[in-house]
Amino acid sequence: MINSLLARKIEKRPDKVRLQGRILFLTEDPELIRRQLAGEDLPWDTQNPANNPKLRDDISTDEITPAHYCFYFDETLGEIPYLGLKCGSVTPIGRGDVMRGGFVCAVSGKRRGKGSSREQSPYAEMCAGIRVVIAENIERIYKQNCQNLGLLTSTNFSLIDRIRGGEEIALSEFTAGEDEITRQVIEYGGLFPFNVARMQGKVFLPPIEDAGGGARATRAMTLAEKIFARHMIRPSEIGPVGTVAFARPAERSQTALEVGVPSVKPGDTGFARADLRFSHEYVTPMAAIFFERYVGKDARVNDPSSIIFFRDHLTFLDEVISEEKKKLGLLDLATQLKLKQQDFAAKQGIRLHGELTDRKGSEGICHSIVLESYALPGQLNIGSDSHTPHVGAIGCVAFGIGTTDVFNSWITKDVRVKVPESVRIVVRGKKHPNVTAKDFILKILSLDYVRSGKALAKVMEYAGEAIEALSVDERATMTNMAAEIGGFTGIVAPDKKAVDFLIERRGMDRKKAEAMIDGLYSDPDAQYAHVIELDAAEITPMVATPGDPGNGKYVRELNTPVPVEIAYGGTCTAGKNEDMDMYAAVLADALKHGKHVADSVKFYIQFGSQETREYCLRKGYIDIFQKAGAQVIEPSCGACINAGPGVSTRPDQVVISAQNRNFPGRSGPGQMYLASPYTVAASAVAGYIMEYEPSEKSELVGV
């Protein structure tokens, strides 16, 4: 494999680009979008932005490429972009509209590309003819996926006039402000050609050096920075002007790829060695096709023992996919995803956590299994899913990557990183008994600092007495939903609870577990981009109203009762052991008082893993769930990605869910409220959204 890549001819793209085509402004007004699709070029005043129509903010990857269409992993995706884009209650863009419109640029507002790490989104835009995306700010994973594919990105709205004028634009306009490595990735037209050039010794990696005679070695660091420092690769060959080249593989000494540097600081760039690399059936097939196309059909992945595959997303798809989508062949395509992953895993000798053989369901959701069985404190883990930070609950740096990063990691076993700044989120005091980690994170998501995009691409480090009091399962809810913040990752310093988790869930020796967490804490004088402080006592049960996880408000602030038809408890975020404790507590109280799930509500409880299912069997929870009228489902991502029981089927249908996202169309056309397991279960019993009050009377407290 290496020799064939060393012989590959790789060249940079031209240093000037001319983007010939139309510009699509993704506005809040659906009529303006329809007019553009019909051939009208929308006027745009770059000098006086206040004169322009309002652009859509918070466009998620679910809206760019709705989940069902991600079963495509070829150029057919060019017919798909923006099919899920909502303007009010309208989805104005149809299949093939963007491709037919001759658009070369798409423009939107704040937080473009939030949500899933699916690389199908920028790939669909590229296949439709889009060559550059412009937005006020752009989410990290989406932006990196664009760069990896060769799609240009910018936050410079003055480029609009130059594109319309057919001017040649210097490539440097799109590399300005980027780090050295990202600049070269853009210049080479994507991550794979850059990595080949890297192997050939044609690119230069900036050194991570001690400042002033080793001063950097004693630099105070955050927990995440310490873990990055342990994993950064130290290339050995010195290049021009003090830069460091990646030595040709044939010429490397044993020390050429040594791992670990004394310290890092935000902004340092390089490649980090990954301890674990995982992907699921939404991403593995596309990555495998890229690998076979660009590297070779007979090429072998680097160290298959540290790669894990999962069949966890589409296990129950056949139960909810519409007849219309079946006629489009989407169910058959989903089956092909499964088979491609199976074949590639068998060929490469990679562990696949797949479907059950004795009943319908999967072994578990990737994040659940990685936390239960694989991740360790101090590791650096990468996964093909934006919720990869889940395992930061035991003190490791874990982050989501896209398809191109996945298949490149199979070659190099490392991943491109720019050391992020950290935000310290301190939750002090003692929480109320009916408040959970989900309420904490919904409160954080509602803060202006987060909603404005200031937290994008930063590490969320959770601390404070209220966080320390949480179990590892509850901490995982916080780290998991760093993805909704738009953060690089989420992390909690490992402590006695992390040690106990490793002993109880892994059977690990106590001394070994304690040794793992040694030194894994932030230095007292570590520097943070921002500090958020909250008082747990001031937080009561929260909901996020439909449309965005950032639409948080206290349940008691809902002006009128909100009747619900569907309640859903599950997913990686809310299918853990302690989540099951919460569902069981509410339903056991209901049964004790002669109540059950309201006749008007369907309540689904879905395990995150087989380990959690076995836990529920041991605790007698499944009997409680069924007696109370809840439907129990085997592990899978399910309703959270519109692929299992619990999805809505009508726009007016109200859903309350413990999952992590309620982006438009993500889980069906209905109106979804996000809430904690307690609130979801209590609302299922009441028939409308309400708090749960665990007390001797076990009363449900209404709005």
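Relevant structure appears above.
Residues numbered from 1 in each chain as written. Predicted model: local features only at pLDDT ≥ 70, side-chain atom pairs only at ≥ 80, totals over all residues. Heavy atoms only, no water.

Re the overall build of the protein
Line of reasoning, step 1. The secondary structure content of the protein amounts to 28 helices and 31 strands.
Line of reasoning, step 2. Taken against the 2.2 N^0.38 rule, which gives 27 Å for 703 residues, the C-alpha radius of gyration of the protein at 25 Å falls within 12% of a compact globule.
Line of reasoning, step 3. Based on the C-alpha atoms only, the size of the protein along its principal axes is roughly 75 × 65 × 50 Å.
Line of reasoning, step 4. Within the protein, the proportion of its 703 residues that are buried is 62%.
Line of reasoning, step 5. Of all intrachain contacts in the protein linking residues separated by at least 6 positions in sequence, the fraction that spans at least 24 positions is 76%. (Helix = DSSP H or I, 4+ residues; strand = E, 2+ residues; numbered from the N terminus. Rg over C-alpha atoms; globule rule 2.2 N^0.38 Å. Buried < 20%, exposed > 50% of the residue type's maximum accessible area, 1.4 Å probe, protein only. Contact = heavy atoms within 4.5 Å.)

Considerations on the sheet that holds strand β28 (residues 654–657)
Across a sheet, paired strands are connected by hydrogen bonds in the backbone, their directions being either parallel or antiparallel.
Line of reasoning, step 1. The strand order across the open sheet formed by seven strands is β24-β23-β29-β28-β25-β26-β27, and the pairing between neighbours is mixed. Two strands lie at the open edges of the sheet, namely β24 (552–554) and β27 (631–633), each paired on one side alone. Across the sheet, the axes of successive neighbouring strands diverge by a mean angle of 25°, strand direction being ignored.
Line of reasoning, step 2. Pairing of strand β25 (residues 566–569) with strand β26 (residues 602–606) involves four bridges; the strand directions are parallel. Counted as the bridge partner of A567 is F603 from β26. (Pairing = 2+ DSSP bridges. Axes fitted to C-alpha atoms, helices over the stretch in contact; angles between N-to-C directions.)

Describing the sheet that holds strand β5 (residues 152–154)
Line of reasoning, step 1. One open sheet holds the four strands; their spatial order is β2-β3-β4-β5, and the pairing between them is parallel. The sheet is open, and its two borders are formed by β2 (22–25) and β5, each paired with just one other strand. Taken pair by pair, the neighbouring strands of this sheet meet at an average axis angle of 25°, ignoring direction.

Quick look at unusual backbone geometry
Line of reasoning, step 1. The backbone of R111 sits at a positive phi, close to 55°, despite the residue not being glycine.
Line of reasoning, step 2. Relative to the elements of secondary structure, R111 occurs in the loop between β3 (103–107) and α5 (120–127).
Line of reasoning, step 3. According to the relative accessible area criterion, R111 is buried, its value standing at 3%.
Line of reasoning, step 4. Phi at A457 is positive, roughly 65°, even though this residue is not glycine.
Line of reasoning, step 5. Structurally, A457 can be placed in the loop between α18 (448–451) and β20 (459–463).
Line of reasoning, step 6. For A457, a relative accessible area of 27% gives the class partly exposed.

Considerations on the packing of helix α26 (residues 610–619) against helix α27 (residues 621–628)
The packing of two helices is summarised by the inter-axis angle and the distance between the axes.
Line of reasoning, step 1. It is at 5 Å that the axes of α26 and α27 come closest, and there the two elements cross at 85°. Comparing the axis directions of α26 and α27 gives the class roughly perpendicular. Where α26 abuts α27, its residues R613, Y615, C616, L617 and K619 lie against Y621, I622 and F625. (Parallel < 35°, antiparallel > 145°, perpendicular 65-115°, else oblique.)

Structural notes on the pairing of β2
Line of reasoning, step 1. The two faces of β2 match: R22 and L24 on one face and I23 and F25 on the other face are all buried.
Line of reasoning, step 2. Two elements, β2 and β3, share four bridges in a ladder whose sense is parallel. Across the sheet, I23 pairs through a bridge with C105, a residue of β3.

Observations regarding the packing of helix α15 (residues 366–374) against helix α22 (residues 496–506)
Line of reasoning, step 1. Orientation of α15 relative to α22, taken along the N-to-C sense of each, is 95°, at an axis distance of 9 Å. As the angle between them shows, α15 and α22 are arranged roughly perpendicular. On the side of α15, the interface is formed by V370, L371, E372, S373 and Y374, while α22 contributes F501, R505 and R506.
Line of reasoning, step 2. When its residues are assigned to classes, the contact of α15 with α22 shows four nonpolar, one polar and three charged. (Nonpolar A, V, L, I, M, F, W, Y, C, P; charged D, E, K, R; others polar.)

Here's the deal with helix α25 (residues 577–592)
Helical geometry: 3.6 residues make up each α-helical turn, so side chains three or four residues apart lie on a common side.
Line of reasoning, step 1. Its 16 residues give α25 an end-to-end C-alpha distance of 22 Å, which sits within 8% of 22 Å, the value for a rise of 1.5 Å per residue.
Line of reasoning, step 2. Three or more residues of α25 are buried, namely N577, D579, M580, M582, Y583, A584, V586, L587, D589 and A590.
Line of reasoning, step 3. After α25 finishes, the residue G594 shows a positive phi value of roughly 75°. (Expected span 1.5 Å × (residues − 1).)

Here we look at α26
Line of reasoning, step 1. Residues of α26 that are buried include every one of Q610, T612, R613, Y615 and C616, and no others.
Line of reasoning, step 2. If you follow the buried residues of α26, they end up packed against α15, α25 and α27.
Line of reasoning, step 3. G620, located one to two residues past α26, shows a positive phi value of around 80°.

Here's the deal with the pattern of salt bridges
Line of reasoning, step 1. Using the criterion set out here, one finds 55 salt bridges in the structure.
Line of reasoning, step 2. A salt bridge links E187 to K12; the nearest nitrogen and oxygen atoms lie 3.4 Å apart. Here the residue E187 occupies a position in helix α9 (residues 180–187), and K12 occupies one in the loop between α1 (2–6) and β1 (16–18), the gap between them amounting to 175 residues.
Line of reasoning, step 3. Of the residues examined, E187 reaches a relative accessible area of 14% and is grouped as buried.
Line of reasoning, step 4. Take K12: its relative accessible area is 47%, and that puts it in the partly exposed class.
Line of reasoning, step 5. Here D579 makes a salt bridge to K576, at a shortest N to O gap of 2.9 Å.
Line of reasoning, step 6. Residue D579 is classed as buried on the basis of its relative accessible area of 1%.
Line of reasoning, step 7. A single salt-bridge network, built from bridges that share partners, covers D358, R359, R613, E614 and E634. (Salt bridge = Lys/Arg side-chain N within 4 Å of Asp/Glu carboxyl O.)

Quick look at the side chain of Q200
Line of reasoning, step 1. Topologically, Q200 is positioned in the loop between α10 (191–199) and β7 (204–205).
Line of reasoning, step 2. For Q200, a relative accessible area of 4% gives the class buried.

Section: empty space enclosed by the protein
Line of reasoning, step 1. Counting across every chain of the model gives eight cavities of 30 Å³ or more.
Line of reasoning, step 2. One number sums up the size of the largest cavity: a volume of about 230 Å³.
Line of reasoning, step 3. As for the largest cavity, its lining consists of 23 residues, of which S116, H313, D385, I641 and R666 are closest to the centre.
Line of reasoning, step 4. Within the lining of the largest cavity, the residues separate by chemical class into eight nonpolar, 11 polar and four charged.
Line of reasoning, step 5. Counting only elements with at least two residues in the lining of the second largest cavity, the list comes to α6 (140–149) and β17 (397–400).
Line of reasoning, step 6. Taken together, the residues of the lining of the second largest cavity break down into six nonpolar, seven polar and three charged. (1 Å grid on protein atoms, 1.4 Å probe; cavity = no way out; pocket = protein on both sides within 12 Å on 5 of 7 lines; lining within 4 Å. Points joined across faces, edges and corners; volume = space filled by probe spheres on them.)

Looking at the environment of R556
Line of reasoning, step 1. Checked against the element boundaries, R556 lands in the loop between β24 and β25.
Line of reasoning, step 2. Spatially, the C-alpha atoms of R556 and P541 are 8.1 Å apart, while their sequence positions differ by 15 residues.
Line of reasoning, step 3. Residues contacting R556, with those up to four places away along its chain left out, are T540 and E691.
Line of reasoning, step 4. A polar side-chain atom of R556 sits 3.0 Å from a polar atom in the side chain of E691. (Polar contact = N/O pair within 3.5 Å; in protein donor to acceptor, adjacent residues only side chain to side chain.)

Just geometry here; none of it tells us what the structure is for.
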